[in-house]
Amino acid sequence: MNKCSTLAIIARIDRIDTQYAKGPSSTCEGGIVKRMGKNVIEGLPIYDSGIQRSKAIEEVVEAYRYRHLIFQLVRRDVLTRYKRSILGVAWTMLNPLGMMLVLTIAFSQLFGGTRAYPAYVLTGLVAWNFFSQTTTASMNQMVWGGGLLGKIYIPRTVFVLSSIGTGLVNLTLSILPLIVVLLITGTPIRFSILFLPIPILSLVAFSLGVGLLLSTWAIYFYDVTEMYQIALMAWMYLTPIIYPEEIVPEAVRIWLFTLNPMYHLVSIFRAPLYNGALPEIHQLVGALGLSILVLAVGWILFARKSDEFAYRV
Amino acid sequence: MSLPIVFKEPQEKTTNMNNAVIELESVSVRYRVPEERIGTFKEYMIRRIQGKVKDRDFWALHDVDLKVHKGEVFGVIGRNGAGKSTMLKIVSRVLRPTKGRVRVMGCVAPLLELGAAFHHELTGRENIFLNAALLGHTQKQVEERFQKIVDFADISGFIDAPMRTYSTGMVARLGFSVATAWEPDILVLDEVLAVGDEAFQAKCHDRINNFRKNGATVLLVSHNTQVVKNICQRVAWIDQGVIQAVGVPEEIVQLYRGV
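Residues numbered from 1 in each chain as written. Chains lettered and ligands numbered in written order. Predicted model: local features only at pLDDT ≥ 70, side-chain atom pairs only at ≥ 80, totals over all residues.

**Considering the overall build of chain A**
Here is step 1: A count of helical and extended segments in chain A gives 11 helices and four strands.
Here is step 2: The 313 residues of chain A split such that 40% are buried.
Here is step 3: For chain A, restricting intrachain contacts to residue pairs at least 6 apart in sequence, the fraction spanning at least 24 positions comes to 74%. (Helix = DSSP H or I, 4+ residues; strand = E, 2+ residues; numbered from the N terminus. Buried ≥ 20, exposed ≤ 12 C-beta atoms within 10 Å, placed from the backbone. Contact = placed C-beta atoms within 7 Å.)

This is how it looks when you write it as structure tokens:
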């Protein structure tokens, strides 16, 4: 009975004909019949549009059920990106390195006071690139996947989730050259590096939330992607990535940085690598809290709108 | 709209009222069609300020009640734009009905636009895994059937070549092979299969017939009334989003043609 499990079911007992509710594979949990991928007549799953759980929760369940698809999409993105290039995956590592090199040549005189400037720039760039790439990819994937959404059922969040997955692969690959640069510039690698997964988690949550919000919007208007590129550029220069935060006047700093989520996310990512220390606790809590909030808002809004996507695209 | 509703049970055994696997209860589907096509956000904001954003409602399906029984080959006929494809989308969960309720007992294999999700830069092998994942199958499930999928599509020599080197026929064959590698409870077919050459079409029909023998239900949409007459047990005629008649193929086709 390893038939396809195209449709999930968690059905309320009172809404299923009694004939089906008596199936041998059903288990009752507080009035809820759960028959994941099991038979109704003799093992069939059931789809009932009349049963509407919270759309946000349903989307979580469905995305988990389609986790293999998310894996395949990530695999496809990683493979196709480098398939027809000589250097292959090495591009992922060389890209931020090249950027770092250019920025160092251009700005190291100007920001001469910054210790180990290449390491400073690169730590900021890696965090920023993750955010900008995943959010942009979310929209593009959603527009690409939109065509499929009109043909077969797939949980709508998979395209955004897979963009995040691809971003994580790239981020992991760029950490290796990052460590090399840290060592070359004389920045000691401390145990604080083991703390890195927490800032990355925060970046993931924030990027996922923003990606979901943007792709909800991009489905309706194709110029959103272009407008976002302009916004991203401005946002990057308002975040201390290529310049040290000290060069911004104290009075402006409060407004410019405190209200900028990416400032905090870049800071907590930079701390364990460049400073060799744990991030400040209030900044960490603030960044994590905000990321989770953005993720929750993005997920709920996306899930609410998602039934309309197939009508639009 | 006062046409007679004909209903006759062609096979008493396989179709009794209690084993409906697809059930539509007063299903209505509304599309919001903008009076002017607005593609960009900038344009949208300008129109909004001018107060010119207007949507027209278009009901693709109106109050549709339908039951398809287990093991049945059920056909849907109607003119272009009558709501046939919308009905398939409702059943395969692509669209959620605006009103009413759909219940589907069993897993659905949608055979609509085969191979739409193939990536031409990936190899056939990689595409099989990707496409099967889109249909909800796990890596392990694909590994088990992998050889069968390749054999059925008859592309074994090209399996590790990029998809862009495939001929149209090969792409379609692989698409069909992946989509039907797992026996579905309900098979949804949009238009009659026209995949590959005659020999392959015969293979396709064999496979679908096998599903039928094992108790699968087939929901088929077609313009071709002859095909519908030949293979369907019951037929629904749909026009302007409303079911005009349901019943035995010959009678329904006659009614449909009489218009």
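Okay, back to it.
**With respect to the overall build of chain B**
Here is step 1: A tally of regular secondary structure across chain B gives eight helices and nine strands.
Here is step 2: In chain B, which comprises 259 residues, the share counted as buried stands at 43%.
Here is step 3: Of the contacts formed within chain B by residues at least 6 apart in sequence, a portion of 75% connects residues at least 24 apart.

**So, the environment of Ala-133 of chain B**
Here is step 1: Mapping Ala-133 of chain B onto the fold places it in helix H3 (residues 124-134).
Here is step 2: Take Ala-133 of chain B: there are 26 C-beta atoms within 10 Å of it, and that puts it in the buried class.
Here is step 3: Ignoring anything within four residues of it in the chain, the contact list for Ala-133 of chain B reads His-68, Leu-69 and Gln-72 of chain A.

**A word on the interface of chain B and chain A**
Here is step 1: Across the boundary between the two partners, chain B contributes 46 residues, which contact 39 residues of chain A.
Here is step 2: Among the residues making up the side of chain B that touches chain A, the classes are represented as 23 nonpolar, 12 polar and 11 charged.
Here is step 3: Pairing analysis gives three bridges linking strand E4 (residues 46-48) of chain A to strand E4 (residues 99-105) of chain B, with the strands arranged antiparallel. Looking across to E4 of chain B, one finds that Tyr-47 of chain A is bridged to Val-104 of chain B. (Nonpolar A, V, L, I, M, F, W, Y, C, P; charged D, E, K, R; others polar. Pairing = 2+ DSSP bridges.)

**Points about the pairing of strand E5 (residues 108-111) of chain B**
All names here are of chain B.
Here is step 1: Burial along E5 is two-sided: Val-108 and Pro-110 facing one way and Ala-109 and Leu-111 facing the other are all buried.
Here is step 2: Strand direction decides the pairing type here: E5 and strand E6 (residues 186-190), joined by four bridges, are parallel. Directly across from Ala-109, in E6, lies its bridge partner Leu-187.

**As for the confidence of the model for chain B**
Residue and element names in this part refer to chain B.
Here is step 1: Of the residues in chain B, 89% have a pLDDT of 70 or more, and the chain-wide mean is 82.
Here is step 2: Of all the helices and strands in chain B, E5 carries the lowest mean pLDDT, 78, while strand E8 (residues 234-239) carries the highest, 92.
Here is step 3: Across residues 1-16, confidence stays below pLDDT 50; counting only partners more than four residues off in sequence or on other chains, it has 27 contacts.
Here is step 4: Note on the complex model: pTM 0.82, ipTM 0.79. (pLDDT = per-residue confidence, 0-100.)

**Here we look at helix H10 (residues 261-275) of chain A**
The periodicity of an α-helix, 3.6 residues per turn, causes residues three or four positions apart to be oriented the same way.
Residues and elements named next belong to chain A.
Here is step 1: Helix length check: H10 (15 residues) gives 20 Å between terminal C-alpha atoms against 21 Å at 1.5 Å per residue, within 8%.
Here is step 2: When the local axis directions of H10 are compared, the greatest deviation, roughly 30 degrees, occurs at Phe-269, which is followed within four positions by the proline Pro-272.
Here is step 3: Backbone geometry just downstream of H10 places Gly-276 in the positive-phi region, at approximately 65 degrees. (Expected span 1.5 Å × (residues − 1). Bend = angle between axes of the 7 residues up to and from the residue.)

**Comments concerning the nonpolar core**
Here is step 1: Grouped together as the largest cluster of nonpolar side chains are 138 residues, with contacts concentrated most on Val-91, Val-104 and Leu-219 of chain B.
Here is step 2: Per-element accounting of this core gives the leading share, 14 residues, to helix H5 (residues 117-149) of chain A. (Core = buried A, V, L, I, M, F, W, Y, C linked by C-beta atoms within 7 Å.)

**Quick look at the packing of helix H7 (residues 197-218) of chain A against helix H8 (residues 224-237) of chain A**
All names here are of chain A.
Here is step 1: Taken N-terminus to C-terminus, the directions of H7 and H8 make an angle of 140 degrees; their axes are 9 Å apart at the nearest point. Classified by the angle between their axes, H7 and H8 sit oblique to one another. Within the contact between the two elements, H7 uses Leu-214, Trp-217 and Ala-218 and H8 uses Val-224, Thr-225 and Tyr-228.
Here is step 2: Classifying every residue of the contact of H7 with H8 gives five nonpolar, one polar and no charged. (Axes fitted to C-alpha atoms, helices over the stretch in contact; angles between N-to-C directions. Parallel < 35°, antiparallel > 145°, perpendicular 65-115°, else oblique.)

**Here's the deal with the sheet that holds strand E9 (residues 242-247) of chain B**
Residues and elements named next belong to chain B.
Here is step 1: Spatial ordering of the open sheet is given by E5-E6-E7-E3-E8-E9, a layout of six strands whose pairing is mixed. Edge positions in the sheet fall to E5 and E9, since each has one partner strand and no second. This sheet shows a mean twist of 15 degrees between the axes of neighbouring strands, independent of strand direction.
Here is step 2: Taken strand by strand, helix H2 (residues 84-91) contacts strand E3 (73-77), E5, E6, strand E7 (217-221) and E8, and its axis lies near 150 degrees from that of E7.
Here is step 3: Lying over the sheet, helix H8 (residues 249-257) contacts E3, E8 and E9, oriented at roughly 20 degrees with respect to E8.

**Thoughts on the environment of Val-78 of chain A**
Residue and element names in this part refer to chain A.
Here is step 1: Within the element layout of this structure, Val-78 appears in helix H3 (residues 67-82).
Here is step 2: Taking the C-beta count within 10 Å as the criterion, Val-78 has 17 such neighbours and is therefore assigned partly exposed.
Here is step 3: For Val-78 and Gly-165, which are 87 residues apart along the polypeptide, the C-alpha to C-alpha distance reads 9.8 Å.
Here is step 4: In this structure, Val-78 is in contact with Thr-166 and Val-169, ignoring residues within four places of it in sequence.

**Concerning the sheet that holds strand E1 (residues 20-34) of chain B**
Here is step 1: Spatially, the four strands line up as an open sheet ordered E4(A)-E4(B)-E1(B)-E2(B), and their pairing is antiparallel. Bordering the open sheet on either side are E4 of chain A together with strand E2 (55-69) of chain B, each of which pairs with just one other strand. Strand after strand, the sheet turns through a mean of 15 degrees between neighbouring axes, direction not considered.
Here is step 2: The strands that H2 of chain B touches are E1, E2 and E4 of chain B; relative to E1 of chain B, the one it contacts most, it runs at about 120 degrees.

**Let's talk about the pairing of E6 of chain B**
Residue and element names in this part refer to chain B.
Here is step 1: Within E6, four of the five residues are buried, leaving the element largely enclosed by the surrounding structure.
Here is step 2: In this structure, E6 lies alongside E7, joined through five bridges in parallel fashion. Bridge pairing in E7 places Ile-186 opposite Thr-217.

**Some words on the environment of Gly-286 of chain A**
Residues and elements named next belong to chain A.
Here is step 1: Structurally, Gly-286 can be placed in helix H11 (residues 281-312).
Here is step 2: Residue Gly-286 is classed as partly exposed on the basis of its 15 C-beta neighbours within 10 Å.
Here is step 3: Linking Gly-286 and Tyr-274, residues 12 residues apart in sequence, is a C-alpha distance of 20 Å.

**Observations concerning unusual backbone geometry**
All names here are of chain B.
Here is step 1: Backbone geometry places Ser-26, a non-glycine residue, at a positive phi of 30 degrees.
Here is step 2: Residue position: Ser-26 is located in strand E1.
Here is step 3: In this structure, Asp-63 is a non-glycine residue whose phi angle is positive, near 55 degrees.

**So, the packing of H5 of chain A against helix H6 (residues 158-184) of chain A**
Residue and element names in this part refer to chain A.
Here is step 1: Closest axis-to-axis distance for the H5/H6 pair is 8 Å, and the angle between their directions is 160 degrees. The angle between the axes of H5 and H6 places the two elements in the roughly antiparallel class. The chirality of how H5 crosses H6 is right-handed.
Here is step 2: Its residues placed into classes, the contact of H5 with H6 shows 14 nonpolar, 12 polar and no charged. (Left-handed = near helix turned anticlockwise from the far one by under 90°.)

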